[in-house]
Amino acid sequence: MKYQRSSALFKAAEQVIPGGVNSPVRAFKAVGGTPIFIDKAQGAYLYDVDGNRYLDYINSWGPMILGHAHKPVVESIVNTAQKGTSFGAPTLLETQIAELAVQMVSSIDKIRFVNSGTEACMSAVRLARGYTQKEKIIKFSGCYHGHSDSFLIAAGSGAITFGTPNSPGVTQGTAKDTLLAPYNNLEAVQNIIEANKGAIAAIIIEPVAGNMGCVPPKEGFLEGLRLLCDQNEMLLIFDEVMTGFRLAKGGAQERLNIKADIVTFGKVIGGGLPVGAFAARSEIMDYLAPLGSVYQAGTLSGNPLAMAAGLQMLQELNQDASIYDSIDAKTQYLHQGMATIFDSHNIPHTINRLGSMISVHFGTTPVVDFESSSVSAATGVFSKFFHGLLEKGVYIAPSAYETWFISDALTYEDLDFTLAAIAQVAPQLK
Ligand SMILES: *Cc1c(COP(=O)(O)O)cnc(C)c1O
């Protein structure tokens with residue numbers, strides 16, 4: 001059996017880890033079946049414990065933008081580890097990566113490092129509240145900002161006034177401070193602001209959404225949010241955990257030519273180690289402890305191994321901006337190839353793409369927000385697509401709500417191999 005050892009390891013894991021995984025999407029619940037257990041990875045490839053090889057389109061959900069086990073990053077981690085792995089005291093590495101990040105992202109003067117994207121977004125909201133002295137935030141349905149309580153909110157019946165918890169354990173008290181709007185709907189945001197005059201600290205958004213499939217912002221949408229924030233003394237928070245250092249050196253802000261007040265990072269910025277960060281101009285960042293009164297801390301924040309990996313990664317991206325043209329061109333090649341195959345088999349599809357973020361929805365409704373994303377996700381066609389490709393050695397995200405991440409380690413031969421696999425799977429998708 002092809003996945004024998006993975007199945008056995010998953011059963012063992014289920015005995016001691018809830019659902020057998022440390023992050024839910026890994027359990028394949030949305031597509032069924034047993035997750036593959038990874039033994040190792042190199043470049044564009046993953047190898048599972050049964051010895052199967054896969055072309056990887058998840059890339060650790062984004063960080064491995066230059067491919068797995070990228071030599072300079074691995075060497076940097078190893079060399080740093082030999083000098084000790086954590087001190088709980090400042091190191092030069094932290095200043096070096098901060099200087100580079102500030103240089104690459106034009107809207108920020110200062111940056112604070114944390115251990116995950118969740119922590120970055122949670123801290124950014126606290127900072128925005130401390131700075132504006134207001135309590136409510138606006139977020140968008142289908143945008144993911146990590147699993148902290150304020151973000152695990154669904155639209156309530158009185159969506160204009162407040163949201164409701166969408167996980168047990170999140171209190172009504174927390175939910176009432178998060179207001180929900182549909183992505184790409186400026187009018188809804190205006191209505192919410194109108195109904196909550198003077199009470200909203202910030203709008204937090206994925207400038208290119210990547211957690212309901214890839215959903216780019218409509219023309220004028222982000223500009224409209226920028227204006228609303230300026231008119232109502234609210235901060236605009238761009239969650240660039242996915243888009244940062246991926247869509248351009250300066251992330252979505254550079255690519256789409258728009259500036260946020262606070263920006264959060266994760267994924268690529270850690271080079272594959274657990275890192276998040278949030279950043280802003282000095283005036284805002286100086287509200288943070290120990291300079292200011294907004295508290296935020298972390299025992300392992302700025303960990304030397306993590307900083308060494310992230311620094312090496314950012315240095316490579318900064319030195320060779322042609323990487324962005326290269327991954328964009330590869331993603332476009334994949335996009336065109338897939339569209340041609342689906343067209344020739346009369347398979348209804350919508351492919352959304354911006355730069356090296358791409359997703360496939362099996363339906364013809366334009367996917368512009370969470371609701372339209374859900375329509376095609378509900379058909380079950382995606383599961384067949386996923387398992388068909390896995391069988392042929394192509395590992396895509398196990399959910400219709402996830403973006404694929406293209407790495408520069410993928411060659412055009414790899415892309416042709418992928419397209420050939422898609423062509424073989426396509427007839428089963430009707
Ligand atoms: C992944 C992600 C997060 C959460 O980051 P973690 O490191 O998983 O906590 C937050 N925001 C966005 C946009 C993400 O894609």
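Quick note: structure is the one above.
Every value quoted in this text rests on a predicted model; they were computed, and no experiment measured them.

What counts as what
Residues numbered from 1 in each chain as written. Predicted model: local features only at pLDDT ≥ 70, side-chain atom pairs only at ≥ 80, totals over all residues. Heavy atoms only, no water. Pairing = 2+ DSSP bridges. Helix = DSSP H or I, 4+ residues; strand = E, 2+ residues; numbered from the N terminus. Contact = heavy atoms within 4.5 Å. Axes fitted to C-alpha atoms, helices over the stretch in contact; angles between N-to-C directions. Left-handed = near helix turned anticlockwise from the far one by under 90°. Nonpolar A, V, L, I, M, F, W, Y, C, P; charged D, E, K, R; others polar. 1 Å grid on protein atoms, 1.4 Å probe; cavity = no way out; pocket = protein on both sides within 12 Å on 5 of 7 lines; lining within 4 Å. Points joined across faces, edges and corners; volume = space filled by probe spheres on them. Parallel < 35°, antiparallel > 145°, perpendicular 65-115°, else oblique.

> Before we go on, may I ask you to explain the sheet that holds strand E16 (residues 404-405) in this structure?
The strands making up a sheet are joined through hydrogen bonds of the backbone, oriented either antiparallel or parallel. A sheet is described by the order of its strands in space; here three strands give the open sequence E13-E14-E16, paired in antiparallel fashion. One side of each edge strand has no neighbouring strand; the edge strands of this open sheet are strand E13 (350-354) and E16. In this sheet, strand E14 (residues 357-361) lies alongside E13 in antiparallel orientation, the contact comprising five bridges. Across the sheet, residue Ile351 finds its bridge partner in E14, namely Val360. Where helix H11 (residues 322-344) meets the sheet, its contacts fall on E13, E14 and E16, and the angle it forms with E13 comes to roughly 170°.

> Please clarify how the packing of helix H3 (residues 92-104) against helix H10 (residues 304-319) should be interpreted in this entry.
Relative orientation of the contacting elements H3 and H10 amounts to 35°, with a least axis distance of 9 Å. Of the two possible hands of crossing, H3 and H10 adopt the one that is left-handed. Residues Leu93, Glu94, Gln96, Ile97, Leu100, Ala101, Gln103 and Met104 of H3 lie in contact with H10, whose contacting residues are Pro304, Met307, Ala308, Gly310, Leu311, Leu314, Gln315, Leu317 and Asn318. Class assignment for the residues of the contact of H3 with H10 results in eleven nonpolar, five polar and one charged.

> Before we go on, may I ask you to explain the layout of surface pockets in this structure?
With a probe scaled to a water molecule rolled over the atoms, the places where space remains empty come into view. By volume, the second largest pocket amounts to about 630 Å³. Around the second largest pocket sit 27 residues that line it, and Glu94, Ile111, Arg112, Phe113 and Ser301 are the ones nearest its centre.

> Any chance you could explain the environment of Ile36 here in plain terms?
Looking at the element boundaries, Ile36 is found in the loop between helix H1 (4-16) and strand E1 (38-42). Ile36 sits 169 residues away from Ile205 along the chain, and the two C-alpha atoms are 32 Å apart. Those residues within four positions of Ile36 in sequence are excluded, and the remaining contacts are Tyr3, Ser6, Phe28, Asp48, Tyr54, Leu390 and Tyr395.

> Which parts of the structure should I look at to understand empty space enclosed by the protein?
Counted under the stated rule, the structure contains one cavity of 30 Å³ or more. The calculated volume of the largest cavity comes to roughly 40 Å³. Every residue lining the largest cavity is listed: Lys134, Ile193, Asn196, Lys197, Gly198, Ala199, Ile200, Asn232 and Met234. Considering only residue class, the lining of the largest cavity consists of four nonpolar, three polar and two charged.

> How should I be thinking about the packing of helix H13 (residues 381-391) against helix H14 (residues 412-425) in this particular structure?
Helix packing for two helices is described by the angle between their axes and how far apart those axes are. As a packed pair, H13 and H14 sit with axes 9 Å apart at the nearest point and diverge in direction by 125°. The angle between the axes of H13 and H14 places the two elements in the oblique class. Here H13 and H14 pass one another in a crossing that is right-handed. Across the interface between the two elements, Lys384, Phe385, Gly388 and Leu389 of H13 pack against Ala421, Ile422 and Val425 of H14. Of the residues in the contact of H13 with H14, the class split is five nonpolar, one polar and one charged.

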